[in-house]
Every structure is written in structure tokens, then in C-alpha cells.
Amino acid sequence: MSTEDRPPAPRSLAEALRARGDASLGALLRSRPDLITPVPTDLTQLATRAGTRASVVRALERLDRFALQTAEALAVAADPAAYGELLGLMAGDDADPAVVAALPHALDLLREQALVWGDDDRLRLVRTARELLAPSPQHPSPTGLGPTVQEATAGMSPGRIQEIVTAAGLASTHDSVSAVTALAGLFTDRARMAALLADAPADSLDVLERLVWGPPYGQVTADPAPRLRWLLDRGLLLPTAPGTVVLPREVALHLRRGLAHRAPEPVPPVVETAAVHRPQVVDSAAAGQAYTALATVGELLKDWDEGGPVVLRAGGLSVRDLKRTAVALDVPEPVAAFWVELAYAAGLIASDGEADERYAATPAYDEWLELPPAERWSRLVTAWLAATRTAGLVGGRDAKDRTLSALGPGLDRSAAPEVRHRVLALLAGLPEGAAPAAGSVLARLRWERPLRGDRREDDLRGRLAEWALSEAEQLGVTGRGALSAQGRALLGAPAAPAPGPEAEPSGPGDKLPVHHHHRPAPLTALSPAEQAVASAAAARLLARLLPEPLDHVLLQADLTAVAPGPLQRPLADMLGVLADVESKGGATVYRFTPGSVRRALDAGQAASDLHAFLAAHSRTPVPQPLAYLIDDVARRHGHLRVGAASAYVRCDDDAVLSEILADKRAAGLGLRRLAPTVLAAQADPAGLLEGLRAMGFAPAAESAEGDVLITRALAHRTPPRTAPEPVPDGPPVPDDTLLAAALRAIRAGDLASTTPRKPGAAPAANGELPRTGAAETLATMQAAVLTGEALWIGYVNAEGAASQRVIAPIRVEGGFVTAYDHTADEVRTYPLHRITGVAELADDAG
């Protein structure tokens, strides 16, 4: 393309945006969704919004390390800068080929994000980004560079400048401007600078070496040492304030061989493979973890079935309740906090809202229990992926130094879902069965979103990533550290890349650590509908790996029953009432005790029912000791009856009542005989029942009519509750429909605001709407109907929103104008009283 045919260079960011196509503008709005909240009226407003401090900071925080380094280099380059200057700052004198290859892509990314605009010969960093990244004494540049010679000598006396020029071997000049220019020219000339530094004392060069990579500021006394005096005399160090000197940017760049950064990082760190397992081993291990996760959540909810811990006044669980829950689940407290938070995120537990507020299961828990195990798992992991509540923060401190409690406020971190998804996506890029080295995953994430100042205490994303790896393993998304097939399906990920020769299995066991140099393709977050499809696919894969629930147990002579695998729900529920769990694991051991058998009898079961139940579900004969235990407890069960007087005890055998009265342990019950077969008590019925059971009796409660009361643990449920909504990380990314509508509106407003008007046609000032009287507006409309000309109008809709439009009037009648709206590309009707004014367009308006 010749110079004459080349389109004019943009003079502003708005002009640069105006030259973009819809695809390019759409990419900008997707990457920076805050720019269309609300939708800008035109491209000028879009450019203004893209340059605001909050929006620029957000955009800079989402750049990868090399793109950010490119922006930092532009902040210390000339404004505008040519591509060659930027390349020199990034690749140095040696022209690092990796940097040379990666720089165009980084620059394209900065242009797409509207952080840089202009052609390659006039690159401009948006003003706000330059202010944020350029060096200053208060805010040193991430590059470690200081001010230029011109900036550092701004307040220096002309005489002192001339002394420096002379000492540096330059001819004196007639003014300070040319002297500073000559000095800067010396410092940027590689050959002359090399000759100047060749004469420098060795200890002076040591001073420069200490300052070259930053910070560029140093302290000097009123009488500097000779090594410093030599540098100050030649301008290699320049005073910025009393007692403070700075290394000029040009000198530092010479010493750095042109590099703005000590270590440019054009290529992301490789996610290294720590171990390789057979995919079948990974999937089986993950399925085992998934089963354990379901059992743990089920045990937690069963423990809270009749009403869980009290809600703290400030919200959340107390430290004591979390410890009790951890003991009940037999896990460490941080792990218990994770399961509690996961059940809350899935909508399975919530506060009941009562006066004595407690946590309890929700009605959704009962629905969840009825689902097949794989679907229950998919519900949990889908909630985990989207949750912004972060269990890893429990026990830490908030900004006001208050302890963060499980289920309490202050645990939301909006970056958590994105970090979890990215960690799993990195694992999905490895071959099947490959477990990553955790350190390499963290290094990769830090490259993708670098820390401001690389402060470890601010590395929230790093901590989120560590928690994500641990939680994925606990949930069965990963197995032995590698992403499982169901975990891959959960992400909607394609098939894993084939392993290289070094990753081929050589046996059934764990493999030696290897390094894998595959760079995975990025996976985008799924929409809710896509996530539902992916979760269903993951559940189908997991269902094939989970063991089928058993309908039997193995009864043993020592009053125990062994469940060799997961039990069907009715069997597990009944066995949980009839026996106590003694140990868990691959096989669960239940123990029968007099108390557990009485619990089953209290729940309405007869001895014959229990015998029939055990005979039907045991693969071994019912042992005699167990049959005798059931019959013995049943024979004594209900022999005593307790009712309300305050309370009474009645028994057909007056000798038993005499035995109770004679027992010292009954003193606290306040018993006295009313009749040979009736005792009255001062204790309430529940207390009397417990007291007699503690004495070794087996009383039964009865109603006022004398019938035996069947006591079952009543499941306490909250009112219907919705799961907590994730806290968004800024405005949501617009979908295709919203994006198309926003682009159409922005283009329409821009057309209306930039279409040429006829001279003298009452143009609006500073983008304001045109203003004309009602009579003039009506007359101009009617004339345009006859001539077919287009008009520029201002319009205020029923909600009070103002806009500019270009229309071609077709008909004016009844207080309305029907016109073809060029900005909306359709025929519309507008009330005349809502049109603020009208202006004719220039004859050559396109």
C-alpha cells in the first residue's frame, strides 16, 4: 500500500476504536466487560471509559507477565514510540529471538484491550496506564528504571548543567536545553558511553552496578566520596533532592544492554509432570475419593439432622462446634471446614431462622439423598466449581482483625471460581494419568496473572490454587494428583494429549517423575447450560466406576456386622438404628449393643421384625448371641411404663418397683409409691426414662391413653432455602445477544454523533443533543418527507434516556413521525414531543 493509499493515523483512542471492525470491538468488550456497564452512547464515551483509572487498573491486573512487561516498557519509552524502540527495550542489544517472536502477539493483546493504540511507528500507551506504570520517586517503575536526563535535570541551574557537559567531554552550549539534549545523546550512544565508562574508577562502576537494576535512587552526604563525585561530575548520577541521587534512565539502559527488564519472560513456564500413573488407576482412585466425599457429606448432614450447631451472633460456626464436627467426621479442622462450606454452597444446609437459630439440613438435602450417587457427586462438584466462598480462609483474620469462621461472613473471594477452573484446565493439558508438580502450576498461574511487586503475602491466587489442588483430590475430581476422566468431562475438555515416550507406563505402579513440555490450549469457562451438560457427562463416567450398593451384610458371633461395601439406603438406614458404627473404611463394621437394640425397639420395631430383618439381609446365619441379645432386650422393653403426672412409673410386677425404690441411684428422681404397681416422680418423663435406663432397666414411654409411644428422631429441616449466590468478579462477560445489541447501540450513537451537519444548522456543543423549537422541528420533518433527506435528531425515551439518531422521515401525522432509523436499521415511530431538536445533514454525509 502506498503512502497516499494508507488510511490516516488515528489521533485519539476514540478514532482508533472507530476504525475497528465489530469482531475487534466485540473482543474488547468481552475482555473488559466493565466498559459496557452501562452501554456507552458512542465510541467517544467508550474510549473515555476505557481510560478511567479503575478500568485501566482492572485491565492491567488481567495481563500475563510478558504483556505487562511490554506495557511497562512502553511506559518508559518515548510517547509516542516506534516499534523498533519498544523491541530494543524488550529484546535488548542481543535481540533475544524468543522476545522478538512473542512481542507482536503481546502488542496485539494490548491493542485489543485498548491499552495501546496507534500504528507501529506511533505507539501510544493510554495516559492512565502510563501514569500508573511510569517511574516516579513515590512509585518506582516495575522496570527499576529512573527518570530520564531531561526529567532529572528539570530544576538544575544552567551553570551546573554546563559543568556536567564539560566534565563529560562535550562542548559547552549556549542554553540548558541543548546541553541536556547533548548529554542524553552521549548516554544513548553505545560507543561513546563505552569510552566514557572505560575511564571510570572501579569503585565508581561498583556504585553503578548496585543501582542499575533498581531501585535507581541512592543517598549521598554533603561531601560525596571520590567515587561518587566522579559520577556526579559527569551526570552519571544526578541529584533529585538534598542527599538523594538517581541513576538516569539512559545510563541504566546502556548498562543493561538496552533491556527494560532484567529477565523478560516471553514464554509461560512449563507445567512439569511429577508422576505418571495408568489412567485406570487415576480414575479408580478418584472414584474412591468421590465415594468418600459422598459418605462424608452424608455423615455431616446426618449428624445435623435433628438440628445442628447454634449460629453465632455475627454468623457462622463457633470454634468449638467446628472442632466437634471435625471429631465426628474424623478429619482435621480445615478439612471439616471445607465439607461444611461445600454442603452450604450446594444448598444442603442453612440456618433455620428460628429464635434460637441453628444450622440444619434443608429440604434440598432430602431431594439430594434420593439421587443416584454419581448425580449427588456432580451436584457437589458443580457447586464447588462455581462457589466464591473459600474454606481455606477459615481461622484467618479479616481486615478488622476478626477471626473468619466457617459459614460466617467474609469468606467470599470472587477470584476463586476462575482459579479453580484454570488449575483444572492446566491439568487437562497434561497427558492422561500425569500428575503435575504443584510448584510449576503455581509458577504458571503467577505468569498468567503476575503479582504487583511479587509480594508473597498478597499471593491470594497462589493460595487459591493450592486449595484447589487439595480440594479437587478430596472430591475425586483428581486421583493421585492427576485429572480423572470424570474431572476432564466436568470441564468440557477434549481428550488428553498423547503422552510422550518419557511418560509411557512401564508397569502397574507409580512412575518416576518426568517433565512434560506440552503447553495446553486454554479452556474457557462454560455457560450454565454447558456446565449442566458437562456435569451430566461426568456423572455418567463416574457411575461406571462406583461400586453397586449391596443388599447384605455379614453377621459375626462377636455381636458385629461387616458391610463389605456401600449398602442400599433402606438397609443402611435400618442398620444405623439397630447398631452403632464401630469403624469405617473399605468395609464398615457395625456393633450391636443393648442400647442400639432398644433404640430400634423405641422406633416401633418388634423383636420378630428385627429377627426377620437380620435373617433377610445376612449372608451368614444369625449368631445365637445376637438373637439372645434382641430377645433379652425385647423381653424387658416396655415392662415399665413412664407417663406424665409430672411423671409416673407403672409396672405389673410390684417387686420391680420395690427394687427401683431401694436403689440409691433413684434418689434424684423423687420417686414415691402411689399404689402397688405405680410410682410417681418429680422428674419429667424424659428425665425419668433416661434415669431408669441408666440404672439398667428398659422402660417404654406411654401416652395418656396408656399406649406405648413410638419414638423416632424427628428430622429437623429449615424452610426452603436457596444456595448462596457466588460473588461476581466484576461485571459478567456479555453473551452473544447482549454483545450484538451493545455494538449496534454504540455504532448507532456514534453514527449520530459524528455525521456531518449543514453549516448553521444549530449543531450541538460538546456532544449535547440538538435543540430546536417545536415549530421548527415539525417544519423540518415535513420538508424532509418531501425531499427524502436524512436528519439528525435528539430523542429522549420514556425512561428519560437521551440518544442521538439519524432518521429519514416517511410520514408526519397525529403528533408522531414515522421514519427509517439509520442507526437502528429499521422503521420506527417517534412521538414528536420527545424529539429535543433536529438538524440537517451535510450533502456528502455518508
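The structure this text deals with has already been given above.
Note that the coordinates shown come from a computational prediction; the quantities given were computed from them, not determined experimentally. (Residues numbered from 1 in each chain as written. Predicted model: local features only at pLDDT ≥ 70, side-chain atom pairs only at ≥ 80, totals over all residues. Heavy atoms only, no water.)

Trainee: Quick question: what am I supposed to make of the overall build of the protein here?
Mentor: Tallying secondary structure elements over the protein gives 33 helices and 25 strands in all. Per-residue burial over the protein gives 46% buried out of 846 residues. Nonlocal contacts in the protein, meaning residues at least 24 apart in sequence, comprise 66% of its contacts between residues at least 6 apart. In the form shown here, the protein has an accessible surface area of approximately 40,500 Å², with 55% of it arising from carbon and sulfur atoms. (Helix = DSSP H or I, 4+ residues; strand = E, 2+ residues; numbered from the N terminus. Buried < 20%, exposed > 50% of the residue type's maximum accessible area, 1.4 Å probe, protein only. Contact = heavy atoms within 4.5 Å. Areas by Shrake-Rupley, 256 points an atom, 1.4 Å probe, with all protein chains shown as cover.)

Trainee: Got a minute to help me understand empty space enclosed by the protein in this structure?
Mentor: Following the criterion strictly, the structure yields four cavities of 30 Å³ or more and no others. If you add up the space inside the largest cavity, you get close to 90 Å³. Lining the largest cavity we find Phe338, Glu341, Leu342, Ala345, Trp384, Ala387, Arg389, Thr390, Ala391, Arg420 and Glu471. No other element matches helix H18 (residues 333-345), which puts four residues into the lining of the largest cavity. Looking at the lining of the largest cavity residue by residue, the class counts come to six nonpolar, one polar and four charged. (1 Å grid on protein atoms, 1.4 Å probe; cavity = no way out; pocket = protein on both sides within 12 Å on 5 of 7 lines; lining within 4 Å. Points joined across faces, edges and corners; volume = space filled by probe spheres on them. Nonpolar A, V, L, I, M, F, W, Y, C, P; charged D, E, K, R; others polar.)

Trainee: How do you make sense of the pairing of strand E19 (residues 678-681) when you look at a structure like this?
Mentor: Side-chain positions along a regular strand alternate between the two faces of the sheet. Looking at chain direction, strand E17 (residues 647-650) and E19 are connected through four bridges and run antiparallel. Bridge assignment links Tyr648 to a residue of E19, and that residue is Ala680. In the sheet, strand E18 (residues 672-675) pairs with E19 via three bridges, with the strands oriented antiparallel. Across the sheet, Arg672 pairs through a bridge with Ala680, a residue of E19. (Pairing = 2+ DSSP bridges.)

Trainee: Help me understand the packing of helix H21 (residues 416-428) against helix H22 (residues 438-448), please; the structure alone is not making it clear to me.
Mentor: Between two packed helices, what matters for the description is the angle formed by their axes and the separation of those axes. Orientation of H21 relative to H22, taken along the N-to-C sense of each, is 120 degrees, at an axis distance of 11 Å. One element, H21, and the other, H22, form an angle in the oblique class. In this structure, the crossing between H21 and H22 has a hand that is right-handed. Residues Arg422, Val423 and Leu426 of H21 form the contact with H22, whose own contacting residues are Val441, Arg444, Leu445 and Glu448. Looking at the contact of H21 with H22 residue by residue, the class counts come to four nonpolar, no polar and three charged. (Axes fitted to C-alpha atoms, helices over the stretch in contact; angles between N-to-C directions. Parallel < 35°, antiparallel > 145°, perpendicular 65-115°, else oblique. Left-handed = near helix turned anticlockwise from the far one by under 90°.)

Trainee: Looking at this model, I keep getting lost on the sheet that holds strand E13 (residues 560-563). Mind explaining?
Mentor: The strands making up a sheet associate through backbone hydrogen bonding, with each pair oriented either parallel or antiparallel. Read across the open sheet, the four strands follow the order E12-E13-E15-E14; overall the sheet is antiparallel. Unpaired on one side and paired on the other, strand E12 (554-556) and strand E14 (580-583) mark the two borders of the sheet. With strand direction ignored, the average angle separating the axes of adjacent strands in the sheet is 30 degrees. Here E13 pairs with strand E15 (residues 588-591) via four bridges, running antiparallel.

Trainee: Is there a simple way to explain the pattern of salt bridges in this structure?
Mentor: Where charged atoms from two side chains of opposite charge come close, those side chains can pair. Across all of its chains, the model carries 35 salt bridges by this definition. When the shortest N-O distance is used, the salt bridge between Arg190 and Asp93 registers 2.9 Å. Taken as a pair, Arg190 in helix H12 (residues 190-198) and Asp93 in the loop between helix H6 (83-91) and helix H7 (97-112) lie far apart in primary sequence, 97 residues in all. Taking relative accessible area as the criterion, Arg190 reaches 32% and is therefore assigned partly exposed. Between Glu813 and Arg811 there is a salt bridge, with its nearest N and O atoms 3.3 Å apart. For Arg811, a relative accessible area of 39% translates into the label partly exposed. Through salt bridges with shared partners, one network takes in Arg160, Glu163, Arg229 and Asp233. (Salt bridge = Lys/Arg side-chain N within 4 Å of Asp/Glu carboxyl O.)

Trainee: What should I look at first to understand the side chain of Ser55 in this one?
Mentor: Mapped onto the fold, Ser55 is located in helix H4 (residues 53-61). The class for Ser55 is buried, based on a relative accessible area of 3%. With near-sequence residues (within four places) excluded, Ser55 lies in contact with Arg32, Asp34, Leu35, Arg49 and Ala50.

Trainee: Explain unusual backbone geometry to me, please; I cannot follow it from the model alone.
Mentor: Leaving glycine aside, a negative phi is the common case for residues, and trans is the common case for peptide bonds. The amide bond that connects Thr37 to the next residue, Pro38, takes the cis arrangement and shows omega of 0 degrees. Residue placement: Pro38 occurs in the loop between helix H2 (22-31) and helix H3 (43-50). Of note in this structure, Arg257 is not a glycine but carries a positive phi near 60 degrees. Considering the arrangement of structural elements, one finds Arg257 in the loop between helix H15 (249-255) and strand E6 (273-276). Positive phi, close to 65 degrees, is recorded for Leu407, a residue that is not glycine. By the element assignment, Leu407 lies in the loop between helix H20 (373-386) and H21.

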